[in-house]
Amino acid sequence: PEQEAYELLLEQDGQAMLLTTLGNFENGSLETVAQLLQRDDVAVGLGDGGAHYGMLCDASYPTTLLTHWVRDRQGTRLALSQVIKALTSETAQLVGLLDRGLLAPGYKADINLIDHAAMRLYKPEVLHDLPAGGRRLDQRADGYVATIVAGEVVVENGRHTAARPGRLVRGRQPAPAA
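Residues numbered from 1 in each chain as written. Predicted model: local features only at pLDDT ≥ 70, side-chain atom pairs only at ≥ 80, totals over all residues. Heavy atoms only, no water.

Trainee: Help me understand the overall build of the protein chain, please; the structure alone is not making it clear to me.
Mentor: When helices and strands are tallied, the protein chain shows four helices and eight strands. For the protein chain, the sequential pattern of α-helices and β-strands runs α-α-α-α-β-β-β-β-β-β-β-β. By the burial criterion, 20% of the 178 residues in the protein chain qualify as buried. Considering only intrachain contacts with a sequence separation of at least 6, the fraction spanning at least 24 residues in the protein chain is 49%. Accessible area of the protein chain: about 12600 Å², with a carbon and sulfur share of 54%. Averaging the positions of the 17 positive and the 22 negative side-chain charges in the protein chain gives two centres separated by 8 Å. (Helix = DSSP H or I, 4+ residues; strand = E, 2+ residues; numbered from the N terminus. Buried < 20%, exposed > 50% of the residue type's maximum accessible area, 1.4 Å probe, protein only. Contact = heavy atoms within 4.5 Å. Areas by Shrake-Rupley, 256 points an atom, 1.4 Å probe, with all protein chains shown as cover. Lys, Arg positive; Asp, Glu negative; His and termini not counted. Charge placed at Lys NZ, Arg CZ, Asp CG, Glu CD.)

Trainee: Sorry if this is basic, but what is going on with the nonpolar core here?
Mentor: Across soluble globular proteins, nonpolar side chains show a tendency to be buried alongside one another. Residues V33, A34, L37, V44, L65, L66, W69, V70, L78, V83, A86 and M119 constitute the largest nonpolar core, which totals 12 residues. Those elements that provide at least two residues to this core are α2 (31–37), α3 (61–72) and α4 (80–94). Element by element, the count of residues in this core is highest for α3, at four residues. In this view, A34 contacts W69, R73 and T76; residues no more than four positions away in its chain are not counted. (Core = buried A, V, L, I, M, F, W, Y, C linked by side-chain atoms within 4.5 Å.)

Trainee: Looking at this structure, I do not really get the side chain of Q139. What am I missing?
Mentor: As for its position among the elements, Q139 is in the loop between β4 (136–138) and β5 (141–142). Judged by relative accessible area, Q139 falls into the buried class, the value being 17%. Here S60 takes part through its side chain, which lies 3.2 Å from a polar atom of the side chain of Q139. A distance of 2.8 Å separates a polar side-chain atom of Q139 from the backbone oxygen of Y122. Ignoring anything within four residues of it in the chain, the contact list for Q139 reads C57, S60, L121, Y122, K123 and P124. (Polar contact = N/O pair within 3.5 Å; in protein donor to acceptor, adjacent residues only side chain to side chain.)

Trainee: Can you help me understand the sheet that holds strand β6 (residues 144–149) in this one?
Mentor: As summarised here, the arrangement of the four strands in space is β1-β6-β7-β8, forming an open sheet in which the pairing is antiparallel. Among the strands making up the open sheet, the edge pair consists of β1 (111–114) and β8 (159–160). Two strands pair when backbone bridges link them, and β1 and β6 are joined in this way by four bridges, in the antiparallel orientation. Note that in β6 the partner of N112 across the bridge is T147. (Pairing = 2+ DSSP bridges.)

Trainee: Explain the pattern of salt bridges here, please?
Mentor: Where charged atoms from two side chains of opposite charge come close, those side chains can pair. For the coordinates displayed, the defined rule picks out eight salt bridges. For R140, the salt bridge identified is with E125, shortest N-O distance 3.7 Å. Note that R140 is positioned in the loop between β4 and β5 and E125 in strand β3 (residues 125–127), a separation of 15 residues in sequence. Residue classification places R140 among the partly exposed positions, given a relative accessible area of 43%. Residue class for E125 comes out partly exposed when judged on its relative accessible area of 35%. Salt bridges here are not isolated pairs; linked through shared partners, they connect D129, R136 and D138. (Salt bridge = Lys/Arg side-chain N within 4 Å of Asp/Glu carboxyl O.)

Trainee: In this structure, what is going on with the side chain of S60? I would like to understand it.
Mentor: Residue position: S60 is located in the loop between α2 and α3. For S60, a relative accessible area of 12% puts it in the buried group.

Trainee: Is there a simple way to explain the packing of aromatic side chains in this structure?
Mentor: Describing an aromatic ring pair means giving the distance of the ring centres and the angle of the ring planes. Counted by the stated rule, this structure contains zero aromatic pairs. Above the face of the Y122 ring, R140 is positioned so that its terminal group lies 4.3 Å from the ring centre. (Phe/Tyr/Trp six-rings, centres within 6.5 Å; stacked < 30°, edge-to-face > 60°. Lys NZ or Arg CZ within 6 Å of the ring centre and 35° of its normal.)

Right under this line is the structure:
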């Protein structure tokens, strides 16, 4: 195994990566995860966007939910509506952002327009674009047609626009007045 790992790491001019599955792969299966994802007392989400930038990339989890768990999986699949709700309103409510997560009058609505059939994740890449040349993992995806923030398109077909309408949100946010 060590020789095989070494040979694989030498591919791509020494830039190859190996995925080591550390959890959630009980007995070579994701069936336990499928059961967890369908529970009412489980929230989907990851967010280790700090100390471990150079070791893992959690940014792919929404795309993985939409592709693997909704579209591509053999066996138990999740409903698209269930996954969208989990990624939007359920997460917003859980973290106290009661003014978002729904497309309704008075709510703040950032929107991703997706081409579900075209969604695809690429393998992670190491970038050295943090201060002092620090490294991080980045994982691109296809299928996101546009991302709209505060009514402005900020990403279109994978390319960032000049628009930067987003703002820092601190603390809980109340639901809009009815």
